[in-house]
Amino acid sequence: MTLPNPDPTLVDKLALANRILYAQGIVDGFGHVSVRHDKSSDHFLLSCNRAPGLVTTADILSYDLNGDLAVASDKRSYLERFIHSEIYKARPDVVSIVHSHSPSVIPFGVTGQRLRPIFHMSGFLGSGAALFEIREAGGNTDLLIRDSGLGRALAKSLGQQNCVLMRGHGSTTCAPSLELAVYRAIYAEVNAKLQLQAQALGPVNFLNEEEALLAAATTEGQVVRAWDLWRDSMAPLA
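Residues numbered from 1 in each chain as written. Predicted model: local features only at pLDDT ≥ 70, side-chain atom pairs only at ≥ 80, totals over all residues. Heavy atoms only, no water.

Draft legend 1. Summary view of the overall build of the chain. Looking only at helices and strands, the chain has eight helices and seven strands in total. In summary, the chain has a C-alpha radius of gyration of 17 Å against a globular reference of 18 Å for 238 residues, a match within 12%. C-alpha extents for the chain along the principal axes are approximately 55 × 45 × 30 Å. A total of 238 residues make up the chain; the buried ones form 51% of that total. (Helix = DSSP H or I, 4+ residues; strand = E, 2+ residues; numbered from the N terminus. Rg over C-alpha atoms; globule rule 2.2 N^0.38 Å. Buried < 20%, exposed > 50% of the residue type's maximum accessible area, 1.4 Å probe, protein only.)

Draft legend 2. Highlighting the nonpolar core. I20, L21, V182, Y183, I186 and W230 are the most contacted members of the largest nonpolar core, which has 41 residues in total. Looking at this core, the elements with two or more residues in it are α1 (8-23), β1 (32-36), β6 (163-166), α6 (178-201) and α8 (223-232). Those residues within four positions of Y183 in sequence are excluded, and the remaining contacts are M121, F124, T219, E220, V223 and W230. In this structure, Y78, I145, A153 and L158 belong to the second largest nonpolar core, which totals 25 residues. (Core = buried A, V, L, I, M, F, W, Y, C linked by side-chain atoms within 4.5 Å. Contact = heavy atoms within 4.5 Å.)

Draft legend 3. Up close: the side chain of H43. Within the secondary structure, H43 sits in strand β2 (residues 43-47). Among the residues examined, H43 registers a relative accessible area of 17% and is labelled buried. In this structure the side chain of H43 is engaged in a polar contact, spanning 2.6 Å, whose partner is the side chain of S40. Setting aside anything within four residues of it in sequence, one finds H43 in contact with L3, R36, H37, Y63, D64, L65 and A70. (Polar contact = N/O pair within 3.5 Å; in protein donor to acceptor, adjacent residues only side chain to side chain.)

Draft legend 4. Representation of the packing of aromatic side chains. Counted according to the given criterion, the structure contains five aromatic pairs. Ring geometry for F44 versus Y63: centroids 5.5 Å apart, planes at 20 degrees, classification stacked. Taken as a pair, F44 in strand β2 and Y63 in strand β3 (residues 60-64) lie far apart in primary sequence, 19 residues in all. Like F44, the residue Y63 is buried in the burial classification. A ring pair is formed by Y183 and Y187, whose centres lie 4.7 Å apart and whose planes are at 45 degrees; its orientation type is tilted. Placement of both Y183 and Y187 in helix α6 is noted, with a separation of four residues, approximately one turn of the helix. In this pair, the class of Y183 matches that of Y187, namely buried. Ring-pair connections join several aromatic residues into one group, and the members of that group are F119, F124, Y183 and Y187. (Phe/Tyr/Trp six-rings, centres within 6.5 Å; stacked < 30°, edge-to-face > 60°.)

Draft legend 5. Broad picture of the sheet that holds β2. Within the open sheet, the seven strands sit side by side as β3-β2-β1-β4-β7-β6-β5. Their pairing is mixed. A single partner strand is all that each edge strand has here, and the edge strands are β3 and β5 (130-132). Here the average twist between neighbouring strands, direction ignored, is 20 degrees. Where strand β4 (residues 96-100) meets strand β7 (residues 170-175), five bridges bridge the pair, whose relative direction is antiparallel. Bridge pairing in β7 links I97 to C174. Seen against the sheet, helix α2 (residues 81-90) touches β1, β2, β3, β4, β6 and β7 and runs at an angle of roughly 30 degrees to β1. (Pairing = 2+ DSSP bridges. Axes fitted to C-alpha atoms, helices over the stretch in contact; angles between N-to-C directions.)

Draft legend 6. Structural context of the pattern of salt bridges. On inspection of all chains with the given rule, the structure shows 11 salt bridges. In this structure, D59 engages K75 in a salt bridge whose closest nitrogen and oxygen atoms are separated by 3.6 Å. A residue pair is termed long-range when its members are at least 10 positions apart, and D59 in the loop between β2 and β3 and K75 in the loop between β3 and α2 qualify at 16 residues. Of the residues examined, K75 reaches a relative accessible area of 30% and is grouped as partly exposed. Linking D93 and R91 is a salt bridge whose minimum nitrogen-to-oxygen distance equals 2.9 Å. A relative accessible area of 4% places R91 in the buried class. The network of salt bridges with shared partners includes R50, D59 and K75. (Salt bridge = Lys/Arg side-chain N within 4 Å of Asp/Glu carboxyl O.)

Have a look at this one:
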């Protein structure tokens, strides 16, 4: 069966999401964001191997849940596409995924300190982000999720949470919409920066689970407001 073309509006939005994440300092030359195909839940859209800040609609490719190209292309694929394929396979509720190496998050993945919600904008962290230790899944590696086995192990560590820290590598966030995945990736970094600052001052009074749930319901219900700002404040792609 031929895979239907995705909605062009969704393709445009995914290209834009790449550039928003770059403009907000969450990705640089590396990192990626995907979205589940709107006409087939067994497929997802992801840019070709390209710096996120340069992604256009012409770069968006379609993949199946094995991480294989669903529509032939001569463009090179991201090595770590298995982050996306295996989380989509394990989590039918997930519509979009962001993988990044945002700097303030890295210390939490290497120290065992949990990234926990310190303010209302990061209620999606719940009781704290999950932690993935790649040595347990693959021994000594280059820390990249370069095959489906490592992708499955990452998805298992993520479980039902919204964010997983990857020791010495970065983080992966997921959400039920593209806009929300971008929001969560941005505020995971903001939360990490604030948590590092607060811990230097003394014990931190984090949001409890109920507060986190209530805060997320309120703030994430306003995600379009933030998305519109991020979109409209960017310089046009040259």
